[in-house]
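What follows is the residue order along each chain.
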Amino acid sequence: MAALGWLPPRRRSATARSVLAGEASAEAARKTALAEAPALTEPETEPEPEALTEEGPRQTPDEPVFPVAGDDLAAAFFDLDNTVMQGAAIFHFGRGLYKREFFQRRELARFAWQQAWFRLAGVEDPEHMQDARDSALSIVKGHKVSELMAIGEEIYDEYMAERIWPGTRALAQAHLDAGQKVWLVTAAPVETATIIARRLGLTGALGTVAESVDGIYTGRLVGEPLHGPAKAEAVRALAAAEGLDLERCAAYSDSHNDIPMLSLVGHPYAINPDTKLRKHARTNDWRLRDYRTGRKAVKVGVPAAAGVGAIAGGAAAAIALHRRRK
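Counting restarts for each chain: residues are numbered from 1 in the order of the written sequence. Local features in this predicted model are restricted to residues of pLDDT 70 or higher, and side-chain atom pairs are both shown and tallied only at a pLDDT of 80 or more, whereas totals for entire chains, interfaces and linings draw on every residue. As a convention, hydrogens and water are excluded, and side-chain values are obtained from all of the structure's heavy atoms.

Undergrad: So what exactly am I meant to see when it comes to the pattern of salt bridges here?
TA: Should their charged atoms come close, side chains of opposite charge can pair. Any carboxyl oxygen of Asp or Glu within 4 Å of a side-chain nitrogen of Lys or Arg constitutes a salt bridge here. On inspection of all chains with the given rule, the structure shows 15 salt bridges. For the salt bridge of Glu233 with Arg236, the shortest nitrogen-to-oxygen distance reads 3.2 Å. With Glu233 and Arg236 both in helix α8 (residues 229-242) and three residues apart, the pair spans about one turn of that helix. For the pair Glu233 and Arg236, one class covers both residues: buried. Look at the salt bridges and you will find they share partners, linking Lys99, Arg100, Glu154 and Glu158 into a network. Numbering of helices and strands runs from the N terminus; a helix is a DSSP stretch of H or I covering at least four residues, while a strand is a stretch of E covering at least two. For every residue, the accessible area obtained with a 1.4 Å probe (protein chains only) is divided by the maximum for its type, and the residue is called buried under 20%, exposed over 50%, and partly exposed between those limits.

Right, here's the structure in full:
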């Protein structure tokens, strides 16, 4: 896909694959949001009042009111895993696919080994990453997009609906109440992210785009997983297309991997932050919120490096579940 003509000149360097992934995600998000706009309704559950934590209340008397009602040049961008939802969407989606017998045992073993490599080695070897992406995409290759969307709706009800953080949901609702658009931004498949956004009454979602032809997955990605710098590229592209002023926008995430995205906006928030993000946020005077019951809450799912493209993130979880059932 060629670079989109409406984008302004780039202000910083980025890999070609990150740019391609970001622009593809922004284009897909806008198309989906426009198509679904008439069907958007109020969220299925009312948000609970935001919890007060050691980080303090949402606003202090000295802070200006935020978000600013009626500011149509502003929007909010929320990371999904461990920010909006407890655990990783790809983990829960993988559980649902395993339940529906999408995986072969030999695929499970291979994926589990790849996930173990990323977790233990802690590095992203390009050749190994490509092999992992190819393996992940082989699961959905040949399946209809509509089929995975329908399954995704069921999986949301089975595993995700009860895992939404009320505090973060309240933050998103505050932006909606102010008349602003709210977007999820995640390495999970854009189809899965779109389902979650719609169920929460949000505007739409930026996610990893898997190539499809005539509604059938080809087994290839458009660019790369929407992770790290690619997330920032997606937000930048969407902001340009929507005519937003990023200095007036907000972004929310739990992970230091999203510092590029958080650094793009004028109002960055660290939500349930990992150690590196907490340190970075305090150094840069970013706002923090922590909705976990314990400061060292365990993150459920797979490393961000292993969230490659589509489905493989759930494979390690699936094999663990299979072993438990024996």
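Moving on, there is more to tell.
Undergrad: Any chance you could explain the environment of Thr218 here in plain terms?
TA: Locating Thr218 in the fold gives a position in strand β5 (residues 216-221). Along the primary structure Thr218 and Val140 are separated by 78 residues, whereas in three dimensions their C-alpha atoms are 8.1 Å apart. Distance and chemistry together define a polar contact, namely a pair of N or O atoms within 3.5 Å, with one atom able to donate a hydrogen and the other to accept it when in protein, and with adjacent residues in sequence counting only for side-chain atoms on both sides. At 3.3 Å, the side chain of Thr218 forms a polar contact with the backbone nitrogen of Arg220.

Undergrad: Any chance you could explain the pairing of strand β1 (residues 75-79) here in plain terms?
TA: Two faces make up the sheet, and in a regular strand the side chains alternate between them. The buried count for β1 comes to five of five residues, which makes it a mostly enclosed element. Burial along β1 is two-sided: Ala75, Phe77 and Asp79 facing one way and Ala76 and Phe78 facing the other are all buried. Judged from the five bridges that link them, β1 and strand β2 (residues 181-189) form a sheet pairing that is parallel. The residue of β2 that forms the bridge with Phe78 is Leu184. DSSP-based pairing: two strands are paired if at least 2 bridges between them are found.

Undergrad: Explanation requested: the packing of helix α2 (residues 89-99) against helix α5 (residues 145-160) in the structure shown.
TA: Each pair of packed helices can be summarised by the angle the axes make with each other and by the distance between the axes. Relative to each other, α2 and α5 sit at 110 degrees, their axes nearing to 9 Å. The orientation of α2 relative to α5 falls into the category roughly perpendicular. Contacts between α2 and α5 pair Ala89, His92, Phe93, Arg95, Gly96, Leu97 and Lys99 from the former with Leu148, Ile151, Gly152, Ile155, Glu158, Tyr159 and Met160 from the latter. Only Asp, Glu, Lys and Arg are considered charged, only Ala, Val, Leu, Ile, Met, Phe, Trp, Tyr, Cys and Pro nonpolar, and every remaining residue, Gly among them, polar. For the contact of α2 with α5, the per-class residue count stands at eight nonpolar, three polar and three charged. Working convention: axes come from line fits to C-alpha atoms, limited for helices to the stretch in contact. Angles between N-to-C directions cover 0 to 180 degrees. Orientation labels follow simple angle bins: below 35 degrees gives roughly parallel, above 145 gives roughly antiparallel, 65 to 115 gives roughly perpendicular, and whatever is left gives oblique. We call two residues contacting when some pair of their heavy atoms lies within 4.5 Å.

Undergrad: I would appreciate a short explanation of the nonpolar core in the present structure.
TA: Grouped burial of nonpolar side chains is what soluble globular proteins tend to show. Phe78, Met160, Leu184, Ile196 and Tyr252 are the most contacted members of the largest nonpolar core, which totals 41 residues. Sort the elements by how many residues they give to this core and α5 lands first, with seven residues. Excluding its chain neighbours within four sequence positions, the residues that come into contact with Tyr252 are Phe66, Ala76, Phe77, Phe78, Asp79, Thr83, Leu171, His175, Met261, Leu262, Tyr269 and Ile271. The set of buried Ala, Val, Leu, Ile, Met, Phe, Trp, Tyr and Cys residues whose side-chain atoms join them within 4.5 Å is what this entry labels a nonpolar core. Trp183, Leu226, Met261 and Ala270 belong to the second largest nonpolar core, which has 31 residues in total.

Undergrad: For this particular structure, what's the right way to read the environment of Leu171?
TA: Looking at the secondary structure, you find Leu171 in helix α6 (residues 166-177). A C-alpha to C-alpha distance of 9.7 Å links Leu171 and Val84, two positions 87 residues apart in sequence.

Undergrad: Looking at this structure, I do not really get the sheet that holds β2. What am I missing?
TA: Pairing between the strands of a sheet is mediated by backbone hydrogen bonds and can be parallel or antiparallel. Strands sit in the order β3-β2-β1-β6-β7-β8 across an open sheet of six strands; the sheet is parallel. With partners counted over all chains shown, the strands left at the sheet margins are β3 (204-208) and β8 (287-289), one partner each. Across the sheet, the axes of successive neighbouring strands diverge by a mean angle of 20 degrees, strand direction being ignored. As defined by bridge partners, strand β6 (residues 250-253) adjoins strand β7 (residues 267-271) across four bridges and the pair is classed as parallel. Residue pairing for β7: Tyr252 is matched across the bridge by Tyr269.

Undergrad: Explain the packing of α5 against helix α7 (residues 190-199) here, please?
TA: The interhelical angle for the contact between α5 and α7, taken along N-to-C directions, is 50 degrees, at an axis separation of 9 Å. Overall, the two elements α5 and α7 adopt an arrangement that is oblique. When you trace α5 past α7, the crossing you get is right-handed. Of α7, the residues touching α5 (which contributes Val145, Met149, Gly152, Glu153, Tyr156, Asp157 and Met160) are Glu191, Thr192, Ile195, Ile196, Arg198 and Arg199. By residue class, the composition of the contact of α5 with α7 is six nonpolar, two polar and five charged. Crossing chirality is assigned from the near helix's rotation relative to the far helix, an anticlockwise turn below a right angle marking it left-handed and a clockwise turn marking it right-handed.

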